[in-house]
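# Commentary on secondary and tertiary structure
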Amino acid sequence: MTERSAKLNILKFVKIVSFSLLLVILGFFVAATVRTLTFDVNAGLQLAHWEKTNNIASDINQHQREELLANFRDAIRIPTVSTTETQLNTTALREFDSLLRKAFPTVFSSHLVQHEVVANYSHLFWVPGSDLALVPYMLLAHIDVVPAEERDGWEAPPFSAKEINGFIYGRGTIDNKQSVMGILQALEYLLIRGYSPRRGFFIGLGHDEEVSGFQGAMNIVRVLKKKGVQLAFVLDEGLAVLDGVISGLQGPAALIGISEKGLATVKLSVSKAPGHSSMPPSESSIGILAGAVKRLEENPMPRLFGEGPERGTFEHLAHKFRLPLKFVMSNMWLFSPLLGRVMERRPDTNAFVRTTTAITMFNSGVKVNILPSQAEAYVNLRIHSAQSLQEVLELIQSTVGDERVKMELVDGFDPLPVSSYDETSFGFQIIKKTVLDQFPQVTVAPGICIGNTDSRHYTDLAKDIYRFAPTWFRPGDAQRFHGINERISKKNYEELVVFYFNLIQNCDIKDLPSPHSAGHEL
Ligand SMILES: CC/C=C\C/C=C\C/C=C\C/C=C\C/C=C\C/C=C\CCC(=O)O
Ligand SMILES: N[C@@H](Cc1ccccc1)C(=O)O
Ligand SMILES: [Zn+2]
Ligand SMILES: [Zn+2]
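Position numbers for residues count from 1 along each chain, tracking the sequence in the order it is written. Going through the entries in the order they are written, you letter the chains from A and number the ligands from 1. pLDDT decides what is reported in this predicted model: residues at 70 or higher carry local features, side-chain atom pairs at 80 or more are listed and counted, and totals for whole chains, interfaces and linings draw on all residues regardless. With hydrogens and water excluded, all non-hydrogen atoms of the structure serve as input to the side-chain values.

The protein chain goes by N-fatty-acyl-amino acid synthase/hydrolase PM20D1.2 in an unreviewed UniProt entry, where it is assigned to Salmo salar.

Shown next as structure tokens:
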């Protein structure tokens, strides 16, 4: 071969390779574009021909409007604070019991409702259905709240239930007394209007959810297990209607929690001999521990965005984004790593990207001139669905990388199983229908609950557990959770009562309508 013909051959080869590459890239682009244009996981899932079950209209008159609000505000004013498993405000919990009986006289006197107090302060209600063949369901909420201090910057005292511009302010207004009162208020009105259910249901109100639910939820579960109860589905607190919170999304999104993140609470500690502060060692117990904690903050857990059910959230919402975001959301197979990098920049969206690491307590030292013998820190991690508790513990250990730092697992569990959300999923579709009837402008999608709830104790009783209430969240509202200025609008609280009112009636349907009927309507 001459030098010239060899050169030509190479040129030809390069041409062929670059042309093929171009074709492949073009192919990808066309495929992604076609996917973008046609992608709508909701298409074909509109169930038609719902049997009419909500026969009792949910209209609220002026008297009831004032009454339900007064009941809610009374609930907010009772400081049912849980601080630790052994520090509950039991006086407030007793008072709350009295409030429930006073506010909902029909619930407590109706022959259709059975009630029992569990673990002294939690409540279990059972409303049997007329059709024993229908598997019952269960609604959950919790009575207790996390502590709140007005001096942290509240615009109204946290247990005042003060009204400012149409909002009721107070600890528990969105976590979670809106559901406690909303559920019972709905039942009260249903009973007054002569309702009796076809499908039986339970209501469980825990009193120690904020400190893990080991007394309330766990004992309610024990009672139900003893009765041999199995549940069609459970609906607890958790996700909400997000309005203007997901940037680029047109219209609000109702995210129904189909799973929740796992948890690891780890205690790190360093021990050193105490002594006089005039003769300090080069490294103190505080310094060693601070180094460990800093390493944990500087080395976040791996980005896993798109590897858990959060991927389905965006796929369900994709058709409600405008281009170019629509292109991105419809092609999560390609873009999830990029999206993860964008979402990790904000704490509220970072929560969906990875296992989060929060240092929540740091204690050491008793006097200015004593070398501290003991330093301890608590790390609270929320585990992404694609990771296990075991994996997270191993990663913490290697990141800390210091034998002098003792590690102890205080509490922990794996991410919760993923509940069904397809067209045959009874609970999901009933919740979805109830939301859409009431708020036609929203898009319903499955979501991941980033906090933990009492419902995690119910996994043996129900395969399908959902975490949702139609509490409306606008930008900045997520920070009110366990934060300052927790509030709900009066209108939204009323909507919650109506939601549960309709949901309970919608559950009386025997079976879901066939998913295919939508396309074959005559
Ligand atoms: C996939 C969604 C994308 C973006 C979302 C953006 C912002 C986050 C929005 C909402 C966060 C919702 C709620 C706040 C956190 C936890 C609530 C969950 C459980 C409550 C448990 C409890 O503390 O009692
Ligand atoms: N619901 C609370 C309290 C809790 C923590 C851990 C486990 C269970 C409940 C939270 O998610 O922070
Ligand atoms: Zn809560
Ligand atoms: Zn909470």
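## With respect to the coordination of the zinc ion (ligand 4)
We call an atom a donor if it is N, O or S and sits within 2.8 Å of the metal, or 3.2 Å for Na, K and Ca. Water is not counted, so some sites may look partial. The zinc ion (ligand 4) binds to the protein through Asp175 (OD), Glu210 (OE), Glu210 (OE) and His482 (NE2); the donor distances cover 1.9 to 2.8 Å. Each of the six donor atoms bound to the zinc ion (ligand 4) contributes to angles spanning 52 to 151°, and the resulting shape is irregular. Donor residues binding the zinc ion (ligand 4) come from one chain and are separated in sequence as D-x34-E-x271-H. If you look at the zinc ion (ligand 4) and the zinc ion (ligand 3), they sit 3.5 Å from each other and are both ligated by aspartate 175. With aspartate 175 in the loop between β7 (167-169) and α5 (177-192) and histidine 482 in the loop between β18 (465-473) and β19 (487-489), the pair connects residues that are 307 residues apart, well separated along the chain. For aspartate 175, a relative accessible area of 4% corresponds to the buried category. Whether a residue is buried, partly exposed or exposed follows from its accessible area with a 1.4 Å probe, protein chains only, as a fraction of its type maximum: under 20%, in between, or over 50%, in that order. Of the residues examined, histidine 482 reaches a relative accessible area of 45% and is grouped as partly exposed. A four-donor site is classed as tetrahedral when every donor-metal-donor angle falls between 85 and 135 degrees; four donors are called square planar, and six octahedral, when trans pairs exceed 155 degrees and all remaining angles lie between 65 and 115, with any other arrangement labelled irregular. Comment: elements are numbered from the N terminus, with helices defined as DSSP H or I runs of at least four residues and strands as E runs of at least two.

## Re the site of ligand 1
Near residues are defined by distance, with any heavy atom within 4 Å of the molecule or strand qualifying the residue. With respect to spatial proximity, 17 residues lie near ligand 1, and among them Asp175, Glu209, Glu210, Asn452 and His482 are the closest. One of the side-chain nitrogen or oxygen atoms of aspartate 175 is found 3.1 Å away from an oxygen atom of ligand 1. Any pair of nitrogen or oxygen atoms within 3.5 Å is treated as a polar contact; in protein, a donor-acceptor pairing is required on top of that, and neighbouring residues in sequence qualify only through side-chain atoms on both sides. Interatomic distance of 3.2 Å between a side-chain N/O atom of glutamate 237 and an oxygen atom of ligand 1. The protein chains shown are the only cover counted for residues, whose accessible areas, like all others here, come from Shrake-Rupley with a 1.4 Å probe. Out of a free accessible area of 660 Å², ligand 1 has 93% covered by protein chains. Both of domain 1 (62-243 + 421-506) and domain 2 (260-413) provide at least three residues apiece to the shell around ligand 1. Start and end points for every domain follow an automatic or database-based domain assignment.

## Here's the deal with the coordination of the zinc ion (ligand 3)
Protein ligation of the zinc ion (ligand 3) involves His142 (NE2), Asp175 (OD), Glu237 (OE) and Glu237 (OE), the donor distances falling in the range 1.9 to 2.6 Å. Counting residues between consecutive donors of the zinc ion (ligand 3) along the chain gives the motif H-x32-D-x61-E.

## Let's talk about the pairing of strand β11 (residues 262-271)
Taking burial as the measure, the ten residues of β11 include nine buried ones, the bulk of the element. Any two strands between which DSSP finds at least two bridges are classified as paired. As paired elements, β11 and strand β15 (residues 374-383) share ten bridges and run antiparallel to each other. Looking across to β15, one finds that leucine 268 is bridged to alanine 377. Of the pairings in the sheet, the one linking β11 to strand β16 (residues 406-413) comprises seven bridges and is antiparallel in character. Counterpart to threonine 265 in the pairing with β16 is aspartate 411.

## As for the packing of aromatic side chains
Aromatic contacts are taken between Phe, Tyr and Trp rings whose centres are within 6.5 Å, Trp giving its six-membered ring; a plane angle under 30 degrees counts as stacked, one over 60 as edge-to-face, and the others as tilted. Using the criterion set out here, one finds 15 aromatic pairs in the structure. Here the aromatic rings of phenylalanine 108 and phenylalanine 125 are separated by 5.6 Å at their centres, their planes lie at 75°, and the arrangement is edge-to-face. Of this pair, phenylalanine 108 sits in helix α4 (residues 105-109) while phenylalanine 125 sits in strand β4 (residues 122-127), and the two are 17 residues apart along the sequence. A residue is classified by how much of its surface remains accessible, and phenylalanine 125, at 0% relative accessible area, is buried. Site record: aromatic cluster; members linked through ring pairs are Tyr137, Phe201, Phe233, Tyr421, Phe426, Phe428 and Tyr466. Both a distance and an angle decide whether a charge sits over a ring: NZ of Lys or CZ of Arg must be within 6 Å of the ring centre and within 35 degrees of the ring normal. The lysine or arginine in question, arginine 487, covers the ring of phenylalanine 167, its NZ or CZ lying 3.8 Å from the ring centre.

## Here we look at helix α14 (residues 490-506)
To estimate the expected span of a helix, subtract one from its residue number and multiply by 1.5 Å. Taking 1.5 Å as the rise per residue, α14 with 17 residues should run 24 Å; its terminal C-alpha atoms sit 24 Å apart, in good agreement. Among the 17 residues that make up α14, 15 are buried, leaving the element largely enclosed by the rest of the structure.

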